[in-house]
Amino acid sequence: MTRLSFFFKGRHFSTLQLHPLIIKNYGNPLSEDTQIIHLCRAGSLWEAVKILNATDPSKIGVKPLVYASLIQTSTKVQSFVHGLQFHAHAVKSGLETDRFVGNSLLALYFKLGCDFAETRKFFDGLVYRDVISWTSMITGYIRVGKPLKAVEVFMEMLGFDIQPNAYTLSGVIKACAELEALGLGKCFHGVVVKYGFGSNHVISSALIDMYGRNNESLDARFMFDEMLEPDAISWTCVISAFVRNDIYEQALRLFYSMQRDCGLRPDTFTFGPVLTACGNLGRLKQGKQMHAKAITSGICENVVVESSLVDMYAKCGFVDKSRRVFDGMKEKNSVSWSALLGGYCQNGDFKSVIDLSRVMDVVDLYSFGTILRACAGLTALCQGKEVHCQYVRIGNQTDVIIESALVDLYAKCGRIEQARTIFGQMTAKNTITWNSMICGYAQNGRAEESLQMFNKMIEEGVQPNNISFVGVLFACCHTGLLEQGREHFWTMTAKYGIRPEVQHYNCMIDLLGRDGLLEEAERLLMGSEYKDDSSLWAVLLGACTTCTNSAAAVRIAERMMELDPAYHLSYVYLANCYKATGQFVKASTVINLMKQRRINKLRGLSWVETDQSSLDRRLNSNLIMVGT
């Protein structure tokens, strides 16, 4: 069997009805091999095979271009089985050594093959390996998530004295972006300039992406501004670079400029980062406009755009709208599931996160982290352990986000020793990991260990953030370490440039109030930008119960009543202060005012897990072992 007759039971040379693509304008048919090539270019693999099987072998002979076209079309229509059959025939006919056939087969394997090791084996056996072959391997390694191997292949290529082209350089620059190897990426930038590819849009876009992924947004913008006529891909790359570096306002301005000034239409990859920017800025109105724009552009049903919409609505606090978008998606992937889980978790609806974990099709590492945060929010230790077990069963993986979430889970559930064990076993730690231990020790009443952990974090060269100082100040507050608390509160701004937020003032006011320094606490509050925050005045009011300065207590209670007339403790504390100083008429007036406004004292509630079944009764119907 010298021809591909195995596609059909019988083989004959009968006259076929000619396909419209193979008739010239003047009506004369093309030769058989030209007909096959034309049909392949049109993507009509079956028609090409029919002509091949119905043609006398002597009319086509052994022509590499014909089989290269057939193999390329098999790749295009994603028919790996036909590609393998053409490969077998190429080997039998001695065509495998041809440059075009070899590169076509290599593209077939790395685009459709399930085992990249087989692709590498084929590549190593190629007789003729040109720059196209090497570029295919470089992009192939990037495709399978091995950017370091891509760089190694590039270096190997240079050893054979093969000069890279624009696609080779763009591929290896993309590998540097995924490796976050800024220094190496800059070296390749120099190579780009040396070889005169500086004006190539593909390479410029790759460089913009590389700088953006390495937190060099200014260099990304510089590369973009150097382009004479940036295309839509270049615009998308620079917008993504700004979003990745939390420069959301500038990203939105670029998005509007792209359309208004250049007349370019955004695609699915543009809408993703733009919707992320709207979500992180809480710009619901702009987010809705983007949603409408995506609908009118006909790309709203794209899974990337829909997942970004789910994330945007959730971050803007509209989880119900986010859920409606999610439920309307025809195709759901791990990103869309993670976006919805993250939305519920960010809005404090931890129970819905657990509910969704029961019906998820795919649970990826990011979803594990979100589910663990929900378990920590519910202090659902048993369910958190189940997720921990699933993470362990994956094996041979370490993820700093998940392991940080595990530290936080065990710390919030009072299992601080287990949290410390996981912390000690982690091969990589980030600021979130350290914060989980600092806050965990503080919340479990182990202030000295919390402060020691903070000092060790500084010694390790890890930069603290606002959460780090919340944990430290909380530890100082609950152990009465006034001077240390003052020092850390001052250092936070003076040394690390961190602006104090409500949580920091909350801890400091509580710390000063516990030590009887009510007026100093009041001055601190009045000198801050949160002087009208009722929650801080409530903390200050709580300190009045142990204070002998009745005048300050009355002043604080009256201020609290102005800010939040419905807060019941303002009336109770004010009445008690009047009673303590013998002003019973004023105390009676405050109580009567409380009754007139129908303000009732709230009952104190505590959540205590007495045994295993108490938690199971609440959540058993909503929880399963994740991933089973």
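Residues numbered from 1 in each chain as written. Predicted model: local features only at pLDDT ≥ 70, side-chain atom pairs only at ≥ 80, totals over all residues. Heavy atoms only, no water.

## Section: the UniProt feature "repeat: PPR" (unreviewed entry) in the protein
The condition is simple: UniProt positions are given in the numbering used here, feature names are shortened, and annotations may be inferred rather than shown by experiment. A helix here means a DSSP run of H or I that spans at least four residues, while a strand means a run of E at least two residues long, and both kinds are numbered starting from the N terminus.
When the UniProt feature table is mapped onto this chain, "repeat: PPR" (unreviewed entry) is found at residues 130–164, 231–266, 302–336 and 430–464. In this annotation, residues 231–266 is assigned 72% helix and 0% strand; the end-to-end C-alpha distance for the span is 10 Å. Between the C-alpha atoms that bound residues 430–464 there is a distance of 10 Å. The span itself is 74% helix and 0% strand.

## A word on the layout of surface pockets
Rolling a probe over the atoms, with the probe sized like a water molecule, indicates the empty space that remains. What counts, and what does not: Here a cavity denotes a set of grid points, spaced 1 Å apart and computed over the protein atoms alone, in which a 1.4 Å probe fits but from which it cannot get out, and a pocket denotes an open set meeting protein on both sides within 12 Å along at least five of seven lines; residues with an atom within 4 Å of a point are reported as lining. Grid points are joined across faces, edges and corners, and a volume is the space filled by probe spheres set on the points. Three classes are used, and their members are as follows: Ala, Val, Leu, Ile, Met, Phe, Trp, Tyr, Cys and Pro are nonpolar, Asp, Glu, Lys and Arg are charged, and the others, Gly among them, are polar.
Within this model, the largest pocket holds a volume of roughly 860 Å³. As for the largest pocket, its lining consists of 25 residues, of which Lys174, Ala206, Asp209, Ile233 and Cys237 are closest to the centre. Residue assignment for the lining of the largest pocket shows that the elements contributing at least two residues are helix H8 (131–143), helix H10 (166–179), helix H12 (201–213), helix H14 (232–244) and helix H16 (268–281). By residue number, the principal contributor to the lining of the largest pocket is H12, which donates six residues. Partitioning the lining of the largest pocket into residue classes produces eight nonpolar, eight polar and nine charged. Estimates place the volume of the second largest pocket at around 710 Å³.

## Side note on the pattern of salt bridges
Put simply, the test is: In the sections that follow, a salt bridge refers to a side-chain nitrogen of Lys or Arg positioned within 4 Å of a carboxyl oxygen of Asp or Glu. For every residue, the accessible area (1.4 Å probe, protein chains only) is compared with the maximum for its type, and the residue is labelled buried under 20%, exposed over 50%, or partly exposed between those bounds.
Summed over all chains, the structure comprises 23 salt bridges. Between Asp225 and Arg221 there is a salt bridge whose closest N-O contact spans 3.0 Å. Here Arg221 and Asp225 lie together in helix H13 (residues 217–226), a separation of four residues that amounts to about one turn. A residue is classified by how much of its surface remains accessible, and Arg221, at 24% relative accessible area, is partly exposed. Ionic contacts of the salt-bridge type, sharing partners, join the residues Arg120, Asp124, Arg129 and Glu156 into one network.

## Looking at unusual backbone geometry
Peptide bonds are, in most cases, trans, and in most cases residues other than glycine have a negative phi. In this structure, Gln78 is a non-glycine residue whose phi angle is positive, near 60°. Inspection of the secondary structure assignment puts Gln78 in the loop between helix H4 (64–76) and helix H5 (80–93). For Gln78, a relative accessible area of 63% puts it in the exposed group. Phi at Glu180 is positive, roughly 55°, even though this residue is not glycine. Counting through the fold element by element, Glu180 comes out in the loop between H10 and helix H11 (182–194).

## Quick notes on the packing of aromatic side chains
The condition that has to hold: Stacked, edge-to-face and tilted labels apply to pairs of Phe, Tyr and Trp rings (six-membered ring for Trp) whose centres lie within 6.5 Å, assigned for plane angles under 30 degrees, over 60, and everything in between, in that order. By the criterion adopted, a ring carries a charge over it if an Arg CZ or a Lys NZ lies within 6 Å of its centre and within 35 degrees of its normal.
One pass over the full model with this rule turns up 15 aromatic pairs. Consider the rings of Phe80 and Tyr109, whose centres lie 5.8 Å apart with planes at 85°: the pair is edge-to-face. A residue pair is termed long-range when its members are at least 10 positions apart, and Phe80 in helix H5 and Tyr109 in helix H6 (residues 99–112) qualify at 29 residues. Of the residues examined, Phe80 reaches a relative accessible area of 23% and is grouped as partly exposed. Measuring from centroid to centroid gives 4.9 Å for Phe123 and Trp134, while their planes differ by 80°, and the two rings are edge-to-face. Taken together, the positions of Phe123 in helix H7 (residues 116–124) and Trp134 in helix H8 put the pair eleven residues apart, joining distant regions of the chain. No difference in accessibility class separates Phe123 from Trp134, as the two residues are buried. Each member of the aromatic cluster is reached from another via a ring pair, and the members are Phe80, Tyr109 and Phe122. The side chain of Arg129 reaches across the aromatic face of Phe123, ending 4.7 Å from its centre. Here Lys429 stacks its cationic end above the ring of Phe423, 5.0 Å away from the centre of that ring.

## Looking at helix H25 (residues 416–425)
Inclusion rule: The arc refers to the directions leading from the helix axis to the C-beta atoms.
Turning to H25, its buried residues are Ile416, Ala419, Ile422 and Phe423. One face of H25 carries all of its buried residues, which in axial projection span an arc of 120°. Facing away from the buried side of H25 by over 90 degrees, the exposed positions are Gly424 and Gln425.

## Digging into the environment of Lys332
Inclusion rule: Throughout, a residue-residue contact means that at least one pair of heavy atoms, one from each residue, lies within 4.5 Å. Side-chain atoms alone can form a polar contact between residues adjacent in sequence; in general such a contact is a pair of N or O atoms within 3.5 Å, and within protein one must be able to donate a hydrogen while the other accepts it.
With respect to the helices and strands, the residue Lys332 is situated in the loop between helix H19 (319–327) and helix H20 (334–346). Spatially, the C-alpha atoms of Lys332 and Ser307 are 8.2 Å apart, while their sequence positions differ by 25 residues. Beyond its immediate sequence surroundings of up to four residues, Lys332 is in contact with Phe326, Asp327 and Trp337. Within the local environment of Lys332, its side chain forms a polar contact with the backbone oxygen of Met329, the two atoms lying 3.2 Å apart.

## Describing the side chain of Glu403
Spelled out, the test is: Under the counting rule used here, the positive set is Lys and Arg, the negative set is Asp and Glu, and His together with the chain ends is not counted.
Within the element layout of this structure, Glu403 appears in helix H24 (residues 400–412). In this structure, Glu403 is buried with no salt-bridge partner, the nearest side chain bearing the opposite charge being Lys429 at 8.3 Å.

## Digging into the nonpolar core
Filter applied, for reference: Grouping buried Ala, Val, Leu, Ile, Met, Phe, Trp, Tyr and Cys residues that are joined through side-chain atoms within 4.5 Å yields what is termed a nonpolar core.
Leu70, Ile173 and Ile239 are the most contacted members of the largest nonpolar core, which totals 182 residues. Beyond its immediate chain neighbours, meaning those up to four positions away, Ile173 contacts Phe188, Val192, Ile203, Ala206, Leu207 and Met210.

## A few points about the packing of helix H26 (residues 431–443) against helix H27 (residues 447–459)
Here is the rule we go by: Every axis in this analysis is a line fitted to C-alpha atoms, fitted for helices over the stretch in contact. Angles between the N-to-C directions lie between 0 and 180 degrees. Note on terminology: angles under 35 degrees are roughly parallel, angles over 145 are roughly antiparallel, angles of 65 to 115 are roughly perpendicular, and the others are oblique. By definition, any crossing whose near helix is turned counterclockwise from its far helix by less than a right angle is left-handed, and any crossing with a clockwise turn is right-handed.
One can describe the packing of H26 onto H27 by two numbers: an axis separation of 7 Å at closest approach and a directional angle of 160°. Considering the angle they form, H26 stands roughly antiparallel to H27. Two packed elements cross with a definite hand, and for H26 against H27 that hand is left-handed. For the pair H26 and H27, the contacting residues are Thr431, Trp434, Asn435, Met437, Ile438, Tyr441 and Ala442 in the first and Ala447, Glu449, Ser450, Met453, Phe454, Lys456 and Met457 in the second. Of the residues that constitute the contact of H26 with H27, the class distribution is nine nonpolar, three polar and two charged.

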